[in-house]
Amino acid sequence: MQGYEVLHPMGWDAFGMPAENAAMEKKVHPGEWTRANIASMRSQLKTLGFAFDWSRELATCEPDYYGQEQALFIDLFEGGLVYRKESAVNWDPVDMTVLANEQVIDGKGWRSGAQVEKRKLSQWFLKITDFAEDLLAGLDELKGWPDKVRLMQENWIGKSQGLQFHFALAEAQDEIATVEVFSTRPDTIYGASFVALSADHPLTRQLAEKNEALAAFAEECKTGGTTAAELETMEKKGFYTGLTVTHPLDPDWQLPVYVANFVLMDYGTGAVFGVPAHDQRDLDFARKYDLPVKRVVSDGEDTGAIFSGNEAYTGPGTIVNSAFLDGMTIEAAQQAVIDRAQSEGWGKAQTTWRLRDWGVSRQRYWGTPIPIIHCDDCGPVPVPKDQLPVTLPDDIDFETPGNPLERHATWKHVDCPKCGKAARRETDTLDTFVDSSWYFLRFASQPDDRPFDPEVVKQWLPVTQYIGGVEHAILHLLYARFWTRALASIGKLDFTEPFESLFTQGMVTHETYSRFQEIEVAISQSETGKVNVGVGSYFSPDEVERTADGATLKVDGQPVKVGRVEKMSKSKKNVVDPDPIIEQYGADAVRFFMLSDSPPERDLPWSEAGIEGSWRFVQRLWRLFIAVADNDDTGEDKALRRKLHQTVAGVAGDVEALSFNKAVAKIFELVNLIEKSQPSADRTTAIKSLARIVAPMVPHIAEEAWALFGESGLIADAPWPEVDESLLVDDEVTIAIQVRGKLRDTITTAKGSSKEQLEELALASEKVQRSLDGAEIKKVIVVPDRLVNIVI
RNA sequence: GCGGACGUGGCGAAAUGGUAGACGCAGCAGACUUAAAAUCUGCUAUCCGAAAUGGGUGUGCGGGUUCGAGUCCCGCCGUCCGCACCA
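Structural notes, computed from the coordinates. Remember, it's a predicted structure, so these values are computed and weren't measured experimentally. (Residues numbered from 1 in each chain as written. Chains lettered and ligands numbered in written order. Predicted model: local features only at pLDDT ≥ 70, side-chain atom pairs only at ≥ 80, totals over all residues. Heavy atoms only, no water.)

**Focus: the overall build of chain A**
- When helices and strands are counted, chain A shows 24 helices and 35 strands.
- Dimensions of chain A, computed from C-alpha atoms along their principal axes, come out at roughly 100 × 85 × 65 Å.
- Put simply, of all contacts in chain A between residues at least 6 apart along the chain, 66% involve residues at least 24 apart.
- If you sum the accessible surface of chain A, you get close to 40300 Å²; carbon and sulfur atoms cover 50% of it.
- The distance from the centre of the 83 positive side-chain charges to the centre of the 122 negative ones in chain A is 2 Å. (Helix = DSSP H or I, 4+ residues; strand = E, 2+ residues; numbered from the N terminus. Contact = heavy atoms within 4.5 Å. Areas by Shrake-Rupley, 256 points an atom, 1.4 Å probe, with all protein chains shown as cover. Lys, Arg positive; Asp, Glu negative; His and termini not counted. Charge placed at Lys NZ, Arg CZ, Asp CG, Glu CD.)

Below is the structure:
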């Protein structure tokens, strides 16, 4: 309608665990289940009339997609961006499968209920950390992304700079003579009071071999809870190793070495030095084990070395009690310590990242097979590209626990492509985030013989406007950015950012209805309250009769509790099936409702009443359309014409800004005015133009109207109505008149009146005179075409 | 704990520092109808008032800047989101 060439594709992220779960529960093949789901969703989308380019439809579970993904994986492998290392996974010993973090509930497998083990497996990783700096820097250029998402990615990448250095052990333990630590606060080095090691630290392990109590403590650290709540409340615990280290700046100063449960092996060096006065966690620890607490940063008031209280000072200040650092700012002292460490050779400036390399191995069936063959002689060998795709075998079952690929009779047995000896296929499949990291390239171009055609991709990409939920703010969007950079770095692409603009849309929400047993609990000694216990159930909206002040269950007429408006989910049963609603009200009403109420970035509370309102509006439109289908009204209606042009321009602007709810409001205003107006040529024009501006929202009825008007072709191809700029501005304006900032009167006058005229008109107002009540006028503020404020 | 966003009628929401509540939903009253539905008309922040083209109050709470604050600043309270023993 506006003459742009738009590529709006649709595809299916079709691999993953839901299909495997369904296979186990319903005994259907994951592929069958997935394809049936795709078919039903596709038909829903088609019913709603979305203008997708279906010729580019793809599904990640089809060999023509994942085969090309395998080719890309091999490219990255050959480009040195893929490697294998041992990594811990959550292993369910009963289901013999690897679990995602969210499948581990209270340390137990969600399906089997078995105690989950940490098991080391050799797994494939992508070197996303090679791009950490670039992924971080690139965020600055993504002007079209919400700040919130950029910030989330920044935190996720988690760059921190500081000093990495080693403490010399007073007595070397076999091969180990030093403890390497990392700190972002080297300025507080004189406040150090202990060194703490992770339970997985090599030194800890070595010591644990000879020390049973330590071994037990380290084990306890590892099996501790993993949920956020548990971590929050977990006590800081340590175990004194009996060792000491020498302070790098004072050979006479010995620090005790502990193993502590709050030190992570996979961040920094797996060891820290504690500065209790200026780190809350260290302070908690020091108080518990009665370690020295020395002030080294002063806020200006207190400079003494003795630090009392149980709240660490982490604010700005000046360094004190720190030998050569005294009097420096925190920043200067950091630099001074780094300089000294580097010149004396016991440490160096270091950047640490929270971001880890991306583990892409999944010990599962329903995913892209990793195209690698393990040969005893040649090691891991990529499958030659002319043998791709490596397809999934269909003859599998989920009756026995474990990965079906692993136990398939023949699938994994192949010859080494290099030496021809008997070898084994990799039986891990790729994380589904890999599938979704490059689909936009395949949408732009889908040749049979390679993943994409760079020339065609160049025409369409980067994606101008990406729309997705915030739930993808970090992982998917970061992986896609990485993947694009990775391909660029091996010369396959010539851009690094896949998505220019990102819009995060809200979710559809609905009230929840439930009945739960309540029990009395003691809140305090004197009070009791009622809490829900986990016995009871949720009810779906179609089981419930909504009344003015509550809701009742249809089957028994008894009240149910109306809960919060929440994201639709199966567990809360607050889902609404679109099919019967489309059946009853039509796709246009559903589309219009979704656009009309809330701005798209916000959640949309689904309401039956809202749908009905939209449905009535569609009826109103239709009545207008048939009324002018073939009339020959004459005569002018200048006010209506003006409103039409203002609406056409306004709606175009709102739609461009994705403010659909505002566009809808403007359309309502126009329709209200049309309905009140008398027949005229302008009215006929207004209604015919109206059809075009509502066409993107209610395409079905708009196309009908177009045919009814006797036009040929599709309204979707018709040009957007032209706007006469001169009609956009009114020639009269309403001016607000305030006295002391309070509204007292309004006057309507010609647009562009001079300040003097406005002041005169304002003072002439009877109401103004009344509220002035003879008071002395100190000042008159005049904002042309806006307001007059009289200050007394 | 850290970081971020948000807080406006019964509800969804509007409002470049310039008339708060546009527009919609729900509700109320009326018209049409034998009746109902649909449709149409009007009202609908709140308090005082019989009413007014009267006045007061009002954008979570308390301050501030400004001729003027929903909007800007400071401090609270609350809700939601993200991250989290990250050294």
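**So, the sheet that holds strand 22 (residues 422-425)**
- Reading across from one edge, 20-19-22-21 is the order of the 4 strands in this open sheet, with antiparallel pairing throughout. Lying at the two open borders of the sheet, with one neighbouring strand each, are strand 20 (379-382) and strand 21 (413-415). Along the sheet, successive strands turn relative to each other by an average axial angle of 40 degrees, direction set aside. (Pairing = 2+ DSSP bridges. Axes fitted to C-alpha atoms, helices over the stretch in contact; angles between N-to-C directions.)

**Structural notes on the packing of helix 18 (residues 608-628) against helix 22 (residues 699-708)**
- In contact at an axis separation of 10 Å, helix 18 and helix 22 are set at 10 degrees when each is read in the N-to-C sense. As judged from the angle between their axes, helix 18 and helix 22 are roughly parallel. From helix 18, Val618, Leu621, Trp622, Phe625 and Ile626 reach across to helix 22, where they touch Ile701, Glu704, Ala705 and Leu708.
- Here the contact of helix 18 with helix 22 is composed, by residue class, of 8 nonpolar, no polar and 1 charged. (Parallel < 35°, antiparallel > 145°, perpendicular 65-115°, else oblique. Nonpolar A, V, L, I, M, F, W, Y, C, P; charged D, E, K, R; others polar.)

**What about helix 21 (residues 681-694)?**
- Relative to the 20 Å expected for 14 residues at 1.5 Å per residue, helix 21 spans 20 Å between its end C-alpha atoms, a close match to the ideal helical length.
- Most of helix 21 sits inside the fold, with 11 of its 14 residues counted as buried.
- By the burial criterion, the buried members of helix 21 are Asp682, Arg683, Thr684, Ala686, Ile687, Ser689, Leu690, Ala691, Arg692, Ile693 and Val694.
- In this structure, the buried residues of helix 21 make contact with helix 18, helix 19 (638-656), helix 20 (660-676) and helix 22. (Expected span 1.5 Å × (residues − 1). Buried < 20%, exposed > 50% of the residue type's maximum accessible area, 1.4 Å probe, protein only.)

**Some thoughts on the environment of Phe239**
- With respect to the secondary-structure elements, Phe239 resides in strand 11 (residues 238-247).
- Non-local contacts of Phe239, meaning those with residues more than four positions away in its chain, are made with Asn211, Ala213, Leu214, Phe217, Val257, Tyr258 and Val259.

**So, the state of the cysteines**
- The full count for this structure, using the stated rule, is 0 disulfides.
- As a non-bridged cysteine, Cys375 has Cys419 as the owner of its nearest cysteine sulfur, 3.6 Å distant.
- We classify Cys375 as buried; its relative accessible area is 5%.
- Its sulfur unpaired, Cys378 is 3.7 Å from the next cysteine sulfur, which belongs to Cys419. (Disulfide = S-S within 2.5 Å.)

**Focus: the sheet that holds strand 7 (residues 117-126)**
- Spatial strand order, 4-3-7-17: 4 strands in an open sheet with antiparallel pairing. On the outer flanks of this sheet lie strand 4 (97-99) and strand 17 (358-359), each paired with one strand and no other.
- Two strands pair when backbone bridges link them, and strand 3 (residues 82-92) and strand 7 are joined in this way by 10 bridges, in the antiparallel orientation. Note that in strand 7 the partner of Trp91 across the bridge is Glu117.

**Quick notes on the packing of helix 16 (residues 578-585) against helix 18**
- Close contact between helix 16 and helix 18 brings their axes to 11 Å; oriented N to C, the two are set at 30 degrees. Judged on the interaxial angle alone, helix 18 and helix 16 are roughly parallel. When the axes of helix 16 and helix 18 are compared, the crossing they make is right-handed. For the pair helix 16 and helix 18, the contacting residues are Ile581, Gln584 and Tyr585 in the first and Glu608, Ile611, Glu612 and Trp615 in the second.
- Here the contact of helix 16 with helix 18 is built from residues that sort into 4 nonpolar, 1 polar and 2 charged. (Left-handed = near helix turned anticlockwise from the far one by under 90°.)

**Looking at the nonpolar core**
- Counting 53 residues, the largest nonpolar core has Trp358, Leu441, Phe482 and Trp483 as its most contacted members.
- Counting only elements with at least two residues in this core, the list comes to helix 3 (63-78), strand 7, helix 4 (132-139), helix 5 (147-157), helix 13 (439-444), strand 24 (463-469), helix 15 (475-489) and strand 25 (499-505).
- When residues in this core are grouped by element, the largest group, 8 residues, is from helix 15.
- Core analysis: the second largest hydrophobic core is formed by 47 residues, Ile582, Leu604, Leu621 and Ile667 among them. (Core = buried A, V, L, I, M, F, W, Y, C linked by side-chain atoms within 4.5 Å.)

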